[in-house]
Structures are given as C-alpha cells and as structure tokens.
Amino acid sequence: MSPPLTDTASGRWSKLLPWLGAVLGLLWYLVVGGGLTLDPTNLDWVGGGDTAQHVLGWLHFRNAPWDFPLGKTPSLLHPLSASVGYTDSNPWVSLALKPFSRWLPQDFQFVGLWFALCFALQGWMGVKLMECLTASAAQRLLGASLFVMAPVLLARSGHDTLCAHWMILGVLWLHLRPREDTRAAWRDVRWALLFNVLAAGVHPYLVVMVFTLTLALLYSLVRRERLLSWRAGSAALAGVLLAVGTLFVLFGYVGQGAGLAADLSFGHFSADVLTLFNPMGWSKLLPNLPHGPGQYEGFGYLGTGGLALTVVLLFKPSSWWPRAKEELRARGPLVLAVLALTLLAFSTVVTVAGKRVLSLRSVTQALLPLLAPFRASGRFIWVLDYALLTGLLALVTWRWRQRPKVVTGLLLGVVLLQFLDTDDVWFRGRFHGEPWPRLKAPEWEQVDPSYRHVVLFPPAIKNWQEPCVAQTFPDNAYVRFGDLAYRKRLTTNSVYMARFDAARLKAVCEALRADVRSGRFAEDTLYVVDAKELAAFQRPEAGLTCGVLDGYTVCVAAKEGRFREALLRASSPR
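Model, not experiment: these values are computed from the prediction.

J.: Would you mind showing me how to read the overall build of the chain here?
T.: Counting its secondary structure elements, the chain contains 22 helices and eleven strands. Radius of gyration (C-alpha) of the chain: 26 Å, near the 25 Å computed for a compact globule of 574 residues. In terms of overall dimensions, the chain has a C-alpha envelope of 90 × 50 × 50 Å along the principal axes. When each of the 574 residues of the chain is scored for burial, the buried share is 56%. In the chain, once contacts between residues fewer than 6 apart in sequence are set aside, the share between residues at least 24 apart is 77%. With the model as given, the accessible surface of the chain reaches about 24400 Å², and the carbon-plus-sulfur share is 62%.

J.: When you look at the nonpolar core in this model, what are you seeing that I'm missing?
T.: Soluble, globular proteins show a tendency: their nonpolar side chains are buried together. Grouped together as the largest cluster of nonpolar side chains are 139 residues, with contacts concentrated most on L213, Y386, L393 and W436. Once residues within four sequence positions are removed from consideration, W436 is found in contact with L43, D44, V46, G47, A52, V55, L56, L59, V479 and D483. Among the nonpolar cores identified, the runner-up in size contains 24 residues, and L439, A441, A485 and V556 belong to it.

J.: What is the right way to look at a nonpolar patch on the surface in this model?
T.: Together, V273, V352, V357, L358 and L360 make up a nonpolar patch on the protein surface, roughly 340 Å² of accessible area in all. Within the secondary structure layout, V273 lies in the loop between β3 (259–260) and α11 (304–314). Residue class for V273 comes out partly exposed when judged on its relative accessible area of 31%.

J.: Even after reading the chapter, I still don't get the packing of aromatic side chains, so can you show me in this structure?
T.: Counted according to the given criterion, the structure contains 36 aromatic pairs. With centroids separated by 6.1 Å and ring planes inclined at 85°, the aromatic side chains of W320 and W321 adopt a geometry described as edge-to-face. Of the residues examined, W320 reaches a relative accessible area of 11% and is grouped as buried. Look at F521 and F537: their rings are 5.2 Å apart centre to centre, the planes differ by 50°, and that puts the pair in the tilted class.

J.: In this structure, what is going on with helix α20 (residues 502–518)? I would like to understand it.
T.: For the α-helix, the turn length of 3.6 residues means that residues three or four positions removed from each other point alike. If you check α20, its first and last C-alpha atoms are 24 Å apart, about what 17 residues at 1.5 Å a residue would give, namely 24 Å. Those residues of α20 lying buried are L505, C509, L512, R513 and V516. Along the long axis of α20, the arc covered by the buried residues comes to 100°, so they all point the same way. Away from its buried face, by an angle of more than 90 degrees, α20 presents the exposed residues A503 and R517. Contacts made by the buried residues of α20 are with β6 (453–457), β8 (499–500) and α21 (534–537).

The rules we used
Residues numbered from 1 in each chain as written. Predicted model: local features only at pLDDT ≥ 70, side-chain atom pairs only at ≥ 80, totals over all residues. Heavy atoms only, no water. Helix = DSSP H or I, 4+ residues; strand = E, 2+ residues; numbered from the N terminus. Rg over C-alpha atoms; globule rule 2.2 N^0.38 Å. Buried < 20%, exposed > 50% of the residue type's maximum accessible area, 1.4 Å probe, protein only. Contact = heavy atoms within 4.5 Å. Areas by Shrake-Rupley, 256 points an atom, 1.4 Å probe, with all protein chains shown as cover. Core = buried A, V, L, I, M, F, W, Y, C linked by side-chain atoms within 4.5 Å. Patch = residues over 30% accessible without salt bridge, like charges linked within 9 Å, V, L, I, M, F, W, Y side chains within 5 Å. Salt bridge = Lys/Arg side-chain N within 4 Å of Asp/Glu carboxyl O. Phe/Tyr/Trp six-rings, centres within 6.5 Å; stacked < 30°, edge-to-face > 60°. Expected span 1.5 Å × (residues − 1). Arc of directions from axis to C-beta.

Take a look at the structure:
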C-alpha cells in the first residue's frame, strides 16, 4: 500500500521521524510511571512476581563462570543448574552485561532500562510501519503513538522480556514495505533473520510469532512477488531455522531435559474470542466482559483509540471495503499467518465471554505434546491485535487520502482518546512493584567464608506441586535466600524457573530428605527449615545449632565460626 503524495515528509526530516517516534515511546513510558525504574541500582520495585525471578537469575549469572549452555547458572537450583533462559532473565542482555560485571554495582538490574528501550523501539517501528501507509509526518507520528500506547504492550509491565512487541511490528513492516528487485528482497530477508535472532535470545514465545510471520514473508517473496526463486527462498528459510535452532541449543532451551514447571493444561491461559473488545480493567469508558481465570495471558484489547477508528470506518464501509478485499488477497500469506497464530491463541478450548463454546481436545490430542510448552498460548493474540491496528490505520489513511487534514484530525482525536482513557496516566503506579525482600538481621553478615550452600528444606520451587517440596515458606522465600546466596557467593536449592527437569529435581529432593532422615548434615551448608520439618533438625543426635533469624529457623552443622556463635546468641532468651 503506497503512501499518498500529499503533505510529504521528505529528506532529512523523514529520516528524523523514527527517532521522534522513539522519543514518543520513551515519553509515554515516563508518563505512565516508568521513571523510577531507570535507576539500575534501584531494586525496590522488582521484588515480586516475574521480575524478581528475572533479576535473581541475572544476579546469579553475573557471578557464574562461563560455561555451556550460555547462560548456565550453577548457583541456582543446586546441585542441578539453572540458566538465564529458564529464569527469563533476557539472555541477550545478560550475556552483553556479564563481561562488565566486576565494574557494575552489586545491586544492579536492567529491567527498567529494557522496558524503556522496548517502548522507544515500539515508537521507532511504529513510525516505520506508518511510512508504508502515509507520507505525512504528523500522521506517521500519530499512528506510532497508537502503537506506543497499545494496552497489550503496557499490560506486559509485569513481564519485561515479553514487552519486546517491536519485533512483531518489525516483521509486519517488512511485509508492507515496497520492494523493487531481488536485492531489496534479500535486504528484507536479512532484516527478518535479525528479528528472529534477537527474539531467540529474548523469549521463545516471541520466536514463534516472529518466525511465523517470517515464514509468510518468505512465501510472499517467492510466490507472490517472485523476487526470489524457490531455491533461494528455501535457503533463506534454512538459514533462519539454523540460526534459531543453534541459539536455542546455545541458550539451553533445548537439550537440557526441561519440562513444564507446573501441571497446567494447554488452553488454561488462552485468549477469549471477545478479547479484542474486552478492556479487562484497562478502560475508564468501556465495561469489562467476562473471561476465564487464566485468560489474562490472552489479553488483546485493541484500545479505546483502535475501537474508535473501527466505529469511524463502520460508517459507509462501501467506500473502503473493495480496497480492503484487494489488500487482503494481495497479502494472503500474511493473513494466513495471523489467522494461524490467532487460532493457537484461542487454543483447543474456545470460549466466548468466558463460556466454553467449542472443545477441540479430542481431535488435537496428538498435537498436545507439541503445544504444551506454549501453554500460555493466549499471548499469540498480540499479532492479530497489531495486524488489525495496522489495518485500521491503513484504511483510515486511504479512505480520506484526498483530505489529509481529516486523516490527521481523526488520528489526533483517537490518540487523545487513548491517552485520556489510560488509567496509568493518572494513577502512575504501574511500575511501583514490590520492594526487594532482603534479609535484615545483622547475623547474616557473619556468615563465614567456609559456607558454600543455602539449603531450604523442603526446597522452595515456585509453582511446583510435587509432594516432596510441599512447604509453608512465604512465597518470596526463594528470593530472600537467593539474594543472600548471591551476595555471599553461595549456592541455593530454591528457585522460580519457567522450565526444569522434573524427574532429576524430584530425585535430588528425595536424596535431600534421605540425608535429613539419616542425620547427614554438611558443615558447609546453611539449612533453612520449614516449621513442619523442625523435629528432624532439633533431635539431640543431629548435633545442629539452630536459631531464628528474620522469622526463619536456620540450622548449621559447623562446630565453630562467627555465624554459629551468632545463631547461638539469636537462640538465647533475651
């Protein structure tokens, strides 16, 4: 779809527009409360939920020796091992920062800077997409503003690695940008390869979305545009597959025996059919619609601004519908890719307003082992969300192409509507989060260099229901003692991971229980004991020294040392 030749943004000004889009993205991040996150030494907003997992994984990785797979973190989940891939600690960024670890402050998180970068790149790619739709500088920036303010982006503020939606916009841009010859086609293949490589080192869900759109792009280059031969297209596809596969092996996503971290069936975290119209609390003006308990992962609200564009276009649809059909036919591979991801988002149990209307489990049973690793399939609705928003902007700019002031006015109106209807503009608490749960008792500073391990008994493995690890520790206990292990360069057996080898972990847990029953306690270990397991540690024959610090019972087998003496003092009546 070529932009009209009116109100053109040309020359140096045109090259500046993506940078202005990036500035818009950064400004929006600050407006919704992201400013406090930009201090990398500030941990007082990343102490809960997924961000605590991500930061803890990075902190342990920065102390770890280089090993294979890249990102291996042996101090977490000891005596097994974690990785920054399975703690969702953004492998590319973690790897890039690790060589500088000795110069970075001890308390250092990059989550806030990554958020800011994602919003900035969302604005950049929003402008690049709008370049394919309009020649107007104002319209490009206004359209980019809608991508920046997309509710599906801001809704990922609890999961930083999944906010890289600019990668999706990037491949959509490759689909829409004009190509004159084979050289231009290979240029876009290289761009697509870059997006896949970046996604492979950020999050696997992004890889699925980016790769599916890339597959449609390669088919278009071969079959529709005839700029590449079948052999060239196959070679390009093989190159992308090889790059992604190699990175998955290098980052340890495959080949490590990791399975699901929780027994949640595929379809629980799906998208509802009405998700595009369901604000789920993200609109002051529109009511919420019912949805399933896990369908927050399938949040796909188009935004009040996007819905307003839809309403505007519903008046006299005959003026644009023939053009829309023409574009849909011309971009058949892209349409099929978006539909495929949408069906995956709806999963095998289709719901409307939270009510099940169709179950495909019986006919898709054989596919469940392949689908299960992507149990939060509702996330794939983001592609449909951005594709529809792009389509709406394309239709508006084309429908009133002879009246550019009307287009600019419409876009300005819906941008203001989206701005005013975003609660975070007024609340500004989106990124407040939870304080980092650091242990406070001064006795922890007396931990002797002879200690090597922190062992929670039973192990605190978040979201794992295995009876061997049943315990009553607070939900953030793994963060508290993971932080202690990081600062004292110890290992810890407790962690929150997206995937792990359940069979090996169960064996390790049972071996630990056998050691406790037999009274085999290591002198280089701090044992943090759950209240219901105290009897095994307080037996006289166990020979342990126990005390209570920060509300946790801690026992050691060592017969001397500063920390043992501190425990004795802590356990003495005051």
